[in-house]
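# Examining the three-dimensional arrangement
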Amino acid sequence: MEQKYHEEQDKQNIEKMRAVLSELPAFCKQYFHDIAEYTSTRTRLAYAYDLRVFFQFIQDNNPICGNIPIKDYPIQLLDQITKDDIMEYLDYMSLYEKDGKTIVNKERGKARKIASLRSFYNYYYKNEKIEKNPASLVSLPKQHDKEIIRLEPNEVAILLDQVEAGTKLTKSQLKYHKINKVRDIAILTLLLGTGIRVSECVGLNINDVDLDNGALIVHRKGGYNTTVYFGYEVESALRDYMEQRENMIPLSGHEDAFFISMQNKRIGVRSVENLVKKYASNVTTLKKITPHKLRSTYGTSLYKETGDIYLVANVLGHRDVNTTRKHYAAVDDETRRRAVNVVKLRENED
């Protein structure tokens, strides 16, 4: 499998990391160097962004630190930060201004921020670089289970029919629809028929798609490759697209890409998000449908049909089955409710 797309993504993340690291205290470099063995570039970049916000908060709210450039902070500063300081930081993260924009973090956002700090503090504490670990004393915000937003079976059929017919599209959209219809049907059918992530979809290369055996090789979020199988509906949509793809002339560097944009480049994540939004908004106005919601739609359907949570976890690429179980607990509850009248205690008497 060609790795060019994913290698390019890693390269971009590393370049962004270096830019953020130049703004963080110098001692942070060792932390990011050592966690590189077991974290992805995307995860490290997210941690770096979180730490940049944290240190900026410390500088803005601590009169002593305000006179020192962040990059010159000594590691001893970590021992001076208290649990109360971190609690104030989390409260600040609920609502703050940045570059003229208002940023809101709810339970999940704040949980990620404290998780970043915990990892950071644990590293230096375990390596005996600091004497205190206040981040470990802060409880994660209680997260309420989110309802799974997904398309119902009739909505899936309406969506695919609508993509094929182009109904409810504007005149401007119809002009592009005529060119991209076959590709768009292939993308949506693939997402709905396999549950792969949008990043896995756009990262596909021509050699990753085996139409004869109904299989894809996808590059998972954890950095490994796996085979994903698909049925005849996905195969049919992909074959139709391949007929077009064979006549396309991509720009240099994009020759291997399976899905191509109108600019003759590998289609990007944002483009797929936009096309899903465009078509789904004409199917349901009550649900905000994204590529990830199409993944949830597939996962829910698979679980309802099989009742096998381990199979769903494996197909979706979840390393921990508890992640899958948490997402589909509502479906499980629905199944249990249907079971209440299955067992009969006494036959009805006439």
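Everything that follows concerns the structure shown earlier in this document.
Predicted model, so just to flag it, every value in this text is computed and none were measured. All residue numbers refer to positions counted from 1 along the written sequence of the respective chain. The predicted nature of this model means local features are confined to residues of pLDDT at least 70 and side-chain atom pairs, given and counted, to a pLDDT of 80 or more, with totals for whole chains, interfaces and linings taken over all residues. Only hydrogens and water are removed before side-chain values are computed, so all heavy atoms of the structure are retained for them.

### Regarding the nonpolar core
Membership of the largest hydrophobic core comes to 42 residues, with the highest contact counts inside it found for L190, L238 and F259. Going through the elements one at a time, α7 (153-165), α8 (171-194), α9 (198-202), β4 (215-219), α10 (232-245) and α11 (269-280) are the ones with two or more residues in this core. Broken down by element, the residue count for this core peaks at 7 residues, all from α8. Throughout, a contact is declared for two residues whenever any of their heavy atoms are within 4.5 Å. Every residue in contact with L190, bar those within four places of it in the chain, is listed here: G195, I196, C201, L204, L216, V234, L238 and F259. Residue types Ala, Val, Leu, Ile, Met, Phe, Trp, Tyr and Cys, when buried and joined through side-chain atoms within 4.5 Å, form a set referred to as a nonpolar core. Buried means the residue's accessible area, taken with a 1.4 Å probe over protein chains only, is under 20% of the maximum for its type, while exposed means over 50%, and partly exposed covers the values in between. Where helices and strands are cited, they refer to DSSP runs of H or I of at least four residues and of E of at least two residues respectively, numbered from the N terminus.

### Regarding the pairing of β4
Across the 5 residues that make up β4, a large majority, 4, are buried. Only when DSSP finds a minimum of two bridges between them are two strands counted as paired. Where strand β3 (residues 209-210) meets β4, 2 bridges bridge the pair, whose relative direction is antiparallel. Bridging from a neighbouring strand, V209 pairs with L216 of β4. The antiparallel hairpin formed by β3 and β4 contains 4 residues in its connecting segment, where G214 sits at a positive phi of about 60°. Alignment of β4 against strand β5 (residues 225-229), held across 5 bridges, turns out to be antiparallel. Within the sheet, the bridge partner assigned to I217 lies in β5 and is T227. Between β4 and the antiparallel strand that follows it, β5, lie 5 residues; G223 among them carries a positive phi value of about 95°.

### A closer look at the side chain of R183
With respect to the helices and strands, the residue R183 is situated in helix α8. Classification of R183 as buried rests on a relative accessible area of 8%. Setting aside residues no more than four positions away along its own chain, R183 makes contact with Y241, Q244, F259, I260, S261, M262, I267 and L275.

### Quick notes on the packing of helix α2 (residues 28-35) against helix α6 (residues 107-126)
The angle between the axes and the distance between the axes are what describe a pair of packed helices. As a packed pair, α2 and α6 sit with axes 11 Å apart at the nearest point and diverge in direction by 100°. The angle between α2 and α6 places the two elements in the roughly perpendicular class. Judged by residue contacts, C28, Q30, Y31 and D34 of α2 engage S116, S119, F120, Y123 and Y124 from α6. A per-class count over the contact of α2 with α6 returns 5 nonpolar, 3 polar and 1 charged. Between the N-to-C directions of two axes lies an angle of 0 to 180 degrees, each axis being a line fitted to C-alpha atoms and, for a helix, fitted only over the stretch in contact. Roughly parallel means an angle under 35 degrees; roughly antiparallel means over 145; roughly perpendicular covers 65 to 115; every other angle is labelled oblique. Each residue gets one of three labels, nonpolar for Ala, Val, Leu, Ile, Met, Phe, Trp, Tyr, Cys and Pro, charged for Asp, Glu, Lys and Arg, and polar for the others, Gly among them.

### Digging into the sheet that holds β5
One open sheet accounts for 3 strands, arranged β3-β4-β5; its pairing is antiparallel. On the outer flanks of this sheet lie β3 and β5, each paired with one strand and no other.

### Points about a negative patch on the surface
Judged by side-chain charge, D161, E164, D240, E243 and E246 come together as a negatively charged surface patch. Among the secondary structure elements, those contributing two or more residues to the negative patch are α7 and α10. The topology assignment puts E164 in helix α7. Note that patches include only residues with greater than 30% relative accessible area and no salt bridge, and the join distances are 9 Å for like charges and 5 Å for nonpolar side chains (Val, Leu, Ile, Met, Phe, Trp, Tyr). Method for areas: the Shrake-Rupley scheme with a 1.4 Å probe, in which residue coverage is limited to the protein chains shown. Here a salt bridge means any side-chain nitrogen of Lys or Arg lying within 4 Å of a carboxyl oxygen belonging to Asp or Glu. Neither His nor the chain ends is counted toward charge; the positive residues are Lys and Arg and the negative residues Asp and Glu. We put the charge of a Lys on NZ, of an Arg on CZ, of an Asp on CG and of a Glu on CD.

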